[in-house]
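In case you want the letters, here they are:
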Amino acid sequence: DVKVTQSSRYLVKRTGEKVFLECVQDMDHENMFWYRQDPGLGLRLIYFSYDVKMKEKGDIPEGYSVSREKKERFSLILESASTNQTSMYLCASSLWGGNQPQHFGDGTRLSIL
Amino acid sequence: ELKVEQNPLFLSMQEGKNYTIYCNYSTTSDRLYWYRQDPGKSLESLFVLLSNGAVKQEGRLMASLDTKARLSTLHITAAVHDLSATYFCAAVEGDYGGSQGNLIFGKGTKLSVKP
């Protein structure tokens, strides 16, 4: 089975802090994604990556950056956390190809105080 | 810009009944995905629909795709409590080849099946 592991289930940080969310997948997937999930808004794509060191902006990249130095690891960085970034963050991965589903991690519930 | 709309957003059903969740999308998309999310859990892939007329079934759930109508349906047959979850559909905007970016999700349908 595919395993997508997010480093923390719950995280509390303060405004202005630099926050790192880590995601690791164990199935040699080319594609990796970061979403945020908010009530009433569904899932929104922040960034995705289709190869090492490659990254593409999604719908809501402002205030975020990403890093993919190794194929199995995709990091989301909040450069200077703000309260409006309090949310559930979901990482996903998939094989290259449109007929492949995305596999999601358990999520990180991030609170910015 | 692709928009994906699901309805209903909330659905309360009795066990044993049938119902359909609808997923409309606003521009051309040749792929449609369905996911399930249990409370406090992550998303689980249910179906990937790749062509017009595609139909897939798993247990009490059946999904179909009509690309001409820009509509996908998720039909629930003889609902049981274990199907209580939030169901999301997602379509792909633009041509991103195999990278699957950008996948646009609907807001989800929260299904509650009561005895």
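For the structure given in this document, a descriptive report is provided here. Small disclaimer: the values here were computed from a predicted structure and weren't measured.

1. Structural notes on the overall build of chain A
- The number of helices and strands found in chain A is zero helices and 11 strands.
- Starting at the N terminus, the α and β elements of chain A follow one another as β-β-β-β-β-β-β-β-β-β-β.
- Relative to the compact-globule value of 13 Å for 113 residues, chain A shows a C-alpha radius of gyration of 13 Å, a close match.
- Seen through its C-alpha atoms, chain A measures out along the principal axes to roughly 40 × 30 × 25 Å.
- Taken across its 113 residues, chain A has 49% of its residues classed as buried.

2. With respect to the interface of chain A and chain B
- Contacts between the two partners involve 27 residues from chain A, matched on the other side by 23 residues from chain B.
- Here chain A packs against chain B, burying approximately 1,800 Å² in sum over the two surfaces, 55% of which is carbon and sulfur.
- Across the contact surface, chain A and chain B share zero salt bridges.
- At the surface where chain A touches chain B, the tally comes to four residue pairs in polar contact (both at pLDDT 80 or more).
- Mapped onto the side of chain A that touches chain B, the elements with two or more residues apiece are β4 (31–38), β5 (42–49) and β9 (87–94) of chain A.

3. A word on the state of the cysteines
- Counted under the stated rule, the structure contains two disulfides over all chains.
- At a sulfur-sulfur separation of 1.9 Å, the disulfide partner of Cys-23 of chain A is Cys-91 of chain A. The S-S bond linking Cys-23 of chain A to Cys-91 of chain A shows a torsion near -75°; that makes this disulfide left-handed. Here Cys-23 of chain A is found in strand β3 (residues 19–25), whereas its partner Cys-91 of chain A is found in strand β9, with 68 residues between them in sequence. Neither residue differs from the other here; Cys-23 of chain A and Cys-91 of chain A are each classed as buried.
- Sulfur-sulfur distance for the disulfide between Cys-23 of chain B and Cys-89 of chain B comes to 2.0 Å. Its torsion about the S-S bond being 85°, the disulfide of Cys-23 of chain B and Cys-89 of chain B is classed as right-handed.

4. Remarks on the pattern of salt bridges
Residues and elements named next belong to chain A.
- Tallying each qualifying case throughout the model produces eight salt bridges over all chains.
- Among the salt bridges present, the one from Glu-22 reaches Arg-73, with a minimum N-O distance of 3.9 Å. One end of the pair, Glu-22, is in strand β3; the other, Arg-73, is in strand β8 (residues 73–78), with 51 residues separating them in the sequence.
- Since its relative accessible area comes to 38%, Arg-73 is described here as partly exposed.
- Here Lys-53 and Glu-69 are joined by a salt bridge, their closest N and O atoms 2.5 Å apart. Taken together, the positions of Lys-53 in the loop between β5 and β6 (56–57) and Glu-69 in strand β7 (residues 64–70) put the pair 16 residues apart, joining distant regions of the chain.
- Overall, Lys-53 belongs to the exposed group, its relative accessible area being 57%.
- Judged by its relative accessible area of 52%, Glu-69 falls in the exposed class.

How each quantity is defined
Residues numbered from 1 in each chain as written. Chains lettered and ligands numbered in written order. Predicted model: local features only at pLDDT ≥ 70, side-chain atom pairs only at ≥ 80, totals over all residues. Heavy atoms only, no water. Helix = DSSP H or I, 4+ residues; strand = E, 2+ residues; numbered from the N terminus. Rg over C-alpha atoms; globule rule 2.2 N^0.38 Å. Buried < 20%, exposed > 50% of the residue type's maximum accessible area, 1.4 Å probe, protein only. Contact = heavy atoms within 4.5 Å. Buried area = accessible area lost by both parts, 1.4 Å probe. Salt bridge = Lys/Arg side-chain N within 4 Å of Asp/Glu carboxyl O. Polar contact = N/O pair within 3.5 Å; in protein donor to acceptor, adjacent residues only side chain to side chain. Disulfide = S-S within 2.5 Å.

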